[in-house]
Amino acid sequence: MTDSAPSGGRVAPDEVGRVSRPDHRSTDVVVLGGGVAGLVAALECARLGLGVSVLEQSDRPGGCVGRIEVDGLALDAGAESFATRNDSVSKLVERLGLADAVESPNPAGAWLVWGDRGGRRAARLPRTGVLGIPANPLGEDVRAIIGWGGAWRAWRDRITPILKIGRAERLGPLVRQRMGDAVLDRLVTPISAGVYSTDPDDLDVDVVAPGLNEAMTRAGSLSGGVAQLVEARRAGGAVLGLRGGMHTLVDALTAELARFGAEVRTGVRATALERRSAAEADGSAPTWRAIGEAVPTEAGAQRGEPTDDGGAAASLTIDARFAIVATPAHVSRALLEGIAPADALAEDWPAAASVELVTLVLDAPELDAAPRGTGVLVAAGTPGVTAKALTHSSAKWPWLAESAGGRHVVRLSYGRAGVASPLEGLDDEAVAELALRDASALLGVELDASRLRAHGRSAWRDALSQAAVGQRDRVRALEAAIEHDEDLALAGSWVAGTGLASVVPHAIEAAERIRRRSLRPAEDA
């Protein structure tokens, strides 16, 4: 470093490990964050012949497309499928040689469990709807959940004129006004909590249901607009998976990165990104300096990659021509301090949701009939249930049923936006006991501890959904504020949106931004 301090951001000092042995190197592109967004962007750059280094703080890349080993089974610890609303993920899968591994889920569908007069009721979720909003409010499957009273209230939407033609901003108030509380509370809220971990009152209609505002105006009702969107859906299933689990996508990405000579460093937390000062750079010199610290293991040792002398590097500095920031939102904002204008970072951003998944492997022949289809969504306030959703994974995915060999794999999800995690402070034994009790209640099958072969848990503490009202505008303002930094790009779900179908094409666009800049003559730098 020179006396002329470079501009840039740092993660707070109390969030990093101790420095003992430095490691300094240079490359073309440094990617901060080794989730799928970072890996995809890195691969696109590596394919161009650019040198790439990826820094990932966990001991395994992939982010929320993770893997967990339970009872000898390699299972998904996060995302287990991808949406088919565009072909971006399918094309990536094909390029990685995984096209033959694509698999459709069991079409049996999911159920809903809700509270009723101090007890619980269960019914299949309606199939024709958008985010739980029914296209046919009087349908039998809708009435089974909200009753005749709720159905008639929802049907009034069809005969109530839309007096003001404009754009509905928030999903919750729109559904409440047009269809009533029963549809909102029993149908829409469980789905929004399961998909976005966010209350529907805070969801942006244009983000979570693109085209609904326009369809509603054309049809003259909310249910009519939903019917138009349902009719326009792509043929085939809404989601697909991979035989062996979605985590095999990460394995394929890392293998391809290795083939192109890219470096993926795990166990290294990005703590600072600095634009090198004019005194340090000379036109062709690296523009960015990224600093990382090795993440201590539970035993206190450093996890950094070995250095030439055989020791573990506790500090890593990488100078690069280009930088891609693909870390979670709160880390990215800290790294961008001093790079992005202060007013673009000063907005009040929503708190990230804390979501924890608990996977159970069971010996339970009673589940062979899949009594709740492929899973269950849970209405808030359902008595005797803490989980917000359950996936009967071995009933949903044929490949897993085959691999499990008669065992059943069940995954429960905990955590809602704005509420402390119900698993906070619980040890593994207490978590397994709670999850087993919830699984019994949701599946309608008595499951005691003797049925539990093994369990695992994985937590995602920093899930910030772009679907919250105002968040897309905040992200766009930030992206616009750094637009002049053509050698810098952002990636990840907090800027792209929820799901691989949003993250993958956005990461490819981020890499394309770097590609365009890399092709310019050096004198334009």
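None of the values given here were measured: they were computed from a predicted structure.

Here is what the cut-offs are and how they apply
Residues numbered from 1 in each chain as written. Predicted model: local features only at pLDDT ≥ 70, side-chain atom pairs only at ≥ 80, totals over all residues. Heavy atoms only, no water. Helix = DSSP H or I, 4+ residues; strand = E, 2+ residues; numbered from the N terminus. Buried < 20%, exposed > 50% of the residue type's maximum accessible area, 1.4 Å probe, protein only. Contact = heavy atoms within 4.5 Å. Areas by Shrake-Rupley, 256 points an atom, 1.4 Å probe, with all protein chains shown as cover. 1 Å grid on protein atoms, 1.4 Å probe; cavity = no way out; pocket = protein on both sides within 12 Å on 5 of 7 lines; lining within 4 Å. Points joined across faces, edges and corners; volume = space filled by probe spheres on them. Nonpolar A, V, L, I, M, F, W, Y, C, P; charged D, E, K, R; others polar. Pairing = 2+ DSSP bridges. Arc of directions from axis to C-beta. Salt bridge = Lys/Arg side-chain N within 4 Å of Asp/Glu carboxyl O. Core = buried A, V, L, I, M, F, W, Y, C linked by side-chain atoms within 4.5 Å. Axes fitted to C-alpha atoms, helices over the stretch in contact; angles between N-to-C directions. Parallel < 35°, antiparallel > 145°, perpendicular 65-115°, else oblique.

Trainee: Please set out the overall build of the protein chain residue by residue, giving values where relevant.
Mentor: Along its length, the protein chain carries 17 helices and 22 strands. Taking all 525 residues of the protein chain together, 54% fall into the buried category. Counting contacts in the protein chain only where the partners sit at least 6 residues apart, residues at least 24 apart contribute 73% of the total. Surface exposure of the protein chain reaches about 22700 Å², of which carbon and sulfur atoms provide 49%.

Trainee: How would you explain empty space enclosed by the protein if you had to name every residue and give the values?
Mentor: In the structure shown here, the tally under the stated rule is 2 cavities of 30 Å³ or more. Counted as a void, the largest cavity has a volume near 100 Å³. Forming the boundary of the largest cavity are Leu75, Asp76, Glu80, Gly245, Thr359, Ser393, Trp397, Trp399, Leu400, Val409 and Arg411. Elements with a contribution of two residues or more to the lining of the largest cavity: strand E5 (73-76), helix H13 (398-404) and strand E20 (408-414). In the lining of the largest cavity, the residues fall into 5 nonpolar, 3 polar and 3 charged. Counted as a void, the second largest cavity has a volume near 40 Å³. Every residue along the wall of the second largest cavity is listed here: Arg60, Pro61, Val65, Gly66, Arg67, His247, Val250 and Asp251. Considered class by class, the residues forming the lining of the second largest cavity number 3 nonpolar, 2 polar and 3 charged.

Trainee: Please give an account of the sheet that holds strand E6 (residues 82-83) that cites residues and values.
Mentor: Spatial ordering of the open sheet is given by E6-E12-E7, a layout of 3 strands whose pairing is antiparallel. Each having just a single partner strand, E6 and strand E7 (102-103) make up the two edges of the open sheet. Two strands pair when backbone bridges link them, and E7 and strand E12 (residues 239-242) are joined in this way by 2 bridges, in the antiparallel orientation. Its bridge partner lying in E12, Glu103 is registered against Gly241.

Trainee: Talk me through helix H7 (residues 212-219); I want residue IDs and the actual numbers.
Mentor: Along H7, the residues that are buried comprise Leu212, Asn213, Ala215 and Met216. Mapping the buried residues of H7 onto a view down its axis gives an arc of 165 degrees, with all of them on the same face. Taken from the residues just after H7, Gly220 is the one with a positive phi, measuring 85 degrees.

Trainee: Break down the pattern of salt bridges for me, with residues and values.
Mentor: All chains considered together, the criterion is met by 36 salt bridges. Note that Glu366 is salt-bridged to Arg451, the shortest N-O span being 2.7 Å. One end of the pair, Glu366, is in the loop between strand E17 (353-362) and strand E18 (375-378); the other, Arg451, is in the loop between helix H14 (428-443) and strand E21 (452-463), and 85 residues separate them in sequence. Where Arg437 meets Glu433, a salt bridge forms, and the shortest distance between an N and an O atom there is 3.9 Å. Linking Arg437 with Glu433, this pair stays in helix H14, spanning 4 residues, or about one helical turn. Judged by its relative accessible area of 52%, Glu433 is exposed. Through salt bridges with shared partners, one network takes in Asp23, Arg25, Glu263 and Arg265.

Trainee: Report on the nonpolar core, specifying residues and quantitative values.
Mentor: Core analysis: the largest hydrophobic core is formed by 44 residues, its most contacted members being Val29, Val52, Leu249, Ile324 and Leu500. Among the secondary structure elements, those contributing two or more residues to this core are strand E2 (22-32), helix H1 (36-47), strand E3 (52-56), helix H2 (88-95), E12, helix H9 (247-259), strand E16 (315-325) and helix H17 (500-518). The dominant element in this core, judged by the number of residues it contributes, is H1, at 9 residues. For Val29, the contacting residues outside a window of four places in its chain are Cys45, Leu50, Gly51, Val52, Ser53, Ala320, Phe322, Ile324 and Ile514. Counting residues in each nonpolar core, the second largest holds 38 residues, with Ala151, Ala209, Ala215 and Val226 among its members.

Trainee: Describe the packing of helix H4 (residues 171-179) against helix H5 (residues 181-196), listing the residues and the values that go with them.
Mentor: Two elements in contact, H4 and H5, have axes separated by 7 Å at closest approach and are oriented at 130 degrees. Between H4 and H5, the angle falls in the class oblique. Contacts between H4 and H5 involve Leu171, Gly172, Val175, Arg176 and Met179 from the first element and Asp181, Val183, Leu184 and Val188 from the second. Its residues assigned to classes, the contact of H4 with H5 shows 6 nonpolar, 1 polar and 2 charged.

Trainee: So what's going on with the pairing of E17? Which residues, and what values?
Mentor: If a strand is regular, its side chains alternate between the two faces of the sheet. Extensive coverage of E17 is indicated by the burial of 10 of its 10 residues. Side chains of E17 alternate between two faces, with Ala353, Val355, Leu357, Thr359 and Val361 and Ser354, Glu356, Val358, Leu360 and Leu362 buried alike. Here E17 runs beside E20; their pairing, made up of 7 bridges, is antiparallel. The residue of E20 that forms the bridge with Leu357 is Ser413.

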